[in-house]
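Report on the structure
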Amino acid sequence: MSVPLDSTPAWQDFADAVRDASLSGEHLRLIEAASLTVDLTAQVQSPDLERAAQALCEQQGLNAARRALFDGGEVNWTEHRPAWHTALRAAQPPAAVAEAVLGERERIRRFVADANARGAYQNVLHLGIGGSDWGPRLVARALRHQGLQREVRFASNVDSHAVEDSTLHLDPHSTLVIVASKSFTTTEPLANAQVAIQWLREAGVADPLKQVVAITANVQAAEDFGIAPERIFRLWDWVGGRYSLWSAIGLPIALALGCDTFDELLAGAADMDQHFLNAPLAENAPVQMALAGLANRSVLGFSSLALAPYDSRLAHLIAWAQQLEMESLGKVATRDGSPAGVPTGPAVWGMTGTDCQHTFFQWLHQDTAGAPVDFIVCARPDHLYLDHHRLLIANCLAQRAALLRGTSFEEALHDTRKRVCDEHEAHVLAQHRVHPGRRPSTLIVMPAMTAHHLGALLALYEHKVFTQGVLWGINPFDQWGVEFGKVLARGIMNELDKPSGSLSAEDPSTRHWIETLSRQRD
Ligand code: F6P
């Protein structure tokens, strides 16, 4: 068994340095990365911490792991495969996969060009879930101000209300249905595909499957489903589901926003890849964000991370990041099966600004626990209301400054006395107006919401998560917890279909509801 992380000298130095470091916000700390600016001023910092962080990265083998990620090494060690999403977006992918990657990119280009030339498919209905859904859904939403060439709808949940909703007011005769599933065994997209095919059939589409394409690593399963080989786009086992946006899973983006936009997205991510691969660790944005996350989660005890993009176009970033961070970093064991020894992956949650200020920011400011916040903002908007954009920025900066600065009792009392004459009441009220402050945050500034900058932003988060996986010693590319839930769901589904009473191993409540709800199925 390996030594738990918290017993290693490098970790102990790192943890001590974090506790001794200040979160004063006095030293401006900016990192430029692939045209994004990452402001880490409001995270703990000190020269000792910088040295200890460097030593921790060395102890945990970050340089070698980073090299292995880009070289297609077995970074997903529990499933014995690479997680080679960097190859998908490289202008010139590594030789071992170049033919496959470039070939599939070219097939997408031809498919979109052909559809455009024929004036085919006014609408696209994309059916996937998790990594086969959030990436394209996020990008299509974030960039639609650039002008949509097609209406694109997404349905992921197996709740058929969702897929029925997504077809509302769509013309079935001009809708392309995309079934996106790396495994092609996932319940949700396959069940939703049946609803969509039924919808096409009921509308009189003679051969519904001719309006369906699949994106999958399991070509045989897609063919068995009835989809012709020429309508199946490929990804591969060496692409992690939640890292698959850069593969053919991006097809709806190419259809809705154009292939050039999709290429720009890949190029932005590839720029961030180069930054992550080559920038010294002390000036490496994903690495420094990862270290700040380690300090906050594993030393300072913050159990969650809030995301506050001050740009409504990034509404889906939160769910995308939830899957990326929580499916990747919510793990119980390190490489040899022993526990990490320190708390790992934080819960991730959030909302776009300024809505978030009117929901959970009160808690961030004054609750005893609080949470670190990632603020994200675009320097330049794509609308003409520049005053309003300044309002948005002012709010973002003000919230961040308030979390950092806080309000002492003396400041609150001084202010309260101006309005309240009774001294006792002023003292009581002042207590309510104290803000602890010194709450960590990161600010990420994008020059504007372009495909290039968006690609860079998403890759920044991917590499931050990868770095945290390496430093914590956990595998960020598997998801055994999700698989466990899927196995139980299959058993319960069988019981609901044909109750046999054989699920005796389940708890009494689950047994009760299987019996009760199976009786009500008609
Ligand atoms: O949520 C679990 C998961 O396995 C994710 O990792 C994946 O993105 C999602 O299901 C969808 O899987 P698939 O693309 O194979 O349908």
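Keep in mind that what you see is a predicted model, and the values were worked out from it rather than measured.

So, how was this worked out
Residues numbered from 1 in each chain as written. Predicted model: local features only at pLDDT ≥ 70, side-chain atom pairs only at ≥ 80, totals over all residues. Heavy atoms only, no water. Helix = DSSP H or I, 4+ residues; strand = E, 2+ residues; numbered from the N terminus. Rg over C-alpha atoms; globule rule 2.2 N^0.38 Å. Buried < 20%, exposed > 50% of the residue type's maximum accessible area, 1.4 Å probe, protein only. Contact = heavy atoms within 4.5 Å. Lys, Arg positive; Asp, Glu negative; His and termini not counted. Charge placed at Lys NZ, Arg CZ, Asp CG, Glu CD. Salt bridge = Lys/Arg side-chain N within 4 Å of Asp/Glu carboxyl O. Core = buried A, V, L, I, M, F, W, Y, C linked by side-chain atoms within 4.5 Å. Axes fitted to C-alpha atoms, helices over the stretch in contact; angles between N-to-C directions. Parallel < 35°, antiparallel > 145°, perpendicular 65-115°, else oblique. Nonpolar A, V, L, I, M, F, W, Y, C, P; charged D, E, K, R; others polar. 1 Å grid on protein atoms, 1.4 Å probe; cavity = no way out; pocket = protein on both sides within 12 Å on 5 of 7 lines; lining within 4 Å. Points joined across faces, edges and corners; volume = space filled by probe spheres on them. Domains from an automatic or database assignment.

Looking at the overall build of the chain
Of the regular secondary structure elements, the chain holds 20 helices and eleven strands. For 522 residues, the compact-globule formula gives about 24 Å, and the C-alpha radius of gyration of the chain, at 25 Å, lands near that figure. A principal-axis box enclosing the C-alpha atoms of the chain has dimensions of 80 × 60 × 55 Å. Within the chain, the fraction of its 522 residues that count as buried is 53%. For the chain, the proportion of contacts with a sequence separation of at least 24, taken over those separated by at least 6, is 73%. The average position of the 44 basic charges and that of the 60 acidic charges among the side chains of the chain differ by 2 Å.

So, the pattern of salt bridges
What the rule picks out here adds up to 25 salt bridges. Taking the shortest distance from any N to any O, the salt bridge between glutamate 79 and arginine 81 comes out at 3.6 Å. What emerges from the salt-bridge pattern is a single network uniting Asp415, Lys418, Arg419 and Arg433.

Let's talk about the nonpolar core
One finds Phe14, Leu251, Leu314, Leu454 and Leu457 to be the most contacted residues of the largest nonpolar core, which totals 117 residues. A per-element tally of this core places helix α18 (residues 451-472) first, with 13 residues. In this view, leucine 251 contacts Ile108, Phe111, Val112, Ile178, Val213, Ile215 and Phe233; residues no more than four positions away in its chain are not counted. Listed in part, the 21 residues of the second largest apolar core include Val177, Val179, Ala196 and Ile197.

Section: the packing of helix α2 (residues 47-59) against helix α12 (residues 285-299)
Following both chains from N to C, one finds α2 and α12 inclined at 100 degrees, their axes separated by 11 Å at the closest point. When the interaxial angle is binned, α2 and α12 end up roughly perpendicular. Residues Ala53, Leu56 and Cys57 of α2 form the contact with α12, whose participating residues are Val287, Leu291 and Leu294. For the contact of α2 with α12, the residue count by class is six nonpolar, no polar and no charged.

Observations regarding empty space enclosed by the protein
One way to see where empty space is left: roll a probe the size of a water molecule over the atoms. As enumerated under the stated definition, the model contains four cavities of 30 Å³ or more in all. Empty space within the largest cavity amounts to approximately 150 Å³. Forming the walls of the largest cavity are 16 residues, and the residues nearest its centre are Ala292, Gly293, Asn296, Leu305 and Lys464. Among the elements of the structure, α12, β8 (304-309) and α18 are those that each provide at least two residues to the lining of the largest cavity.

Considering the domain arrangement of the chain
One can read the domain layout of the chain as domain 1 (85-257) and domain 2 (483-520). On a C-alpha basis, the centres of domain 1 and domain 2 stand 32 Å from each other.

A look at the side chain of lysine 182
Take lysine 182: it is sitting in the loop between β5 (175-180) and α8 (187-202). Buried and without a salt bridge, lysine 182 has aspartate 237 as its closest oppositely charged side chain, separated by 4.8 Å. Beyond its immediate chain neighbours, meaning those up to four positions away, lysine 182 contacts Arg81, Ser132, Ile215, Thr216, Ala217, Asn218, Leu235, Trp236, Asp237, Val239, Gly240 and Gly241.

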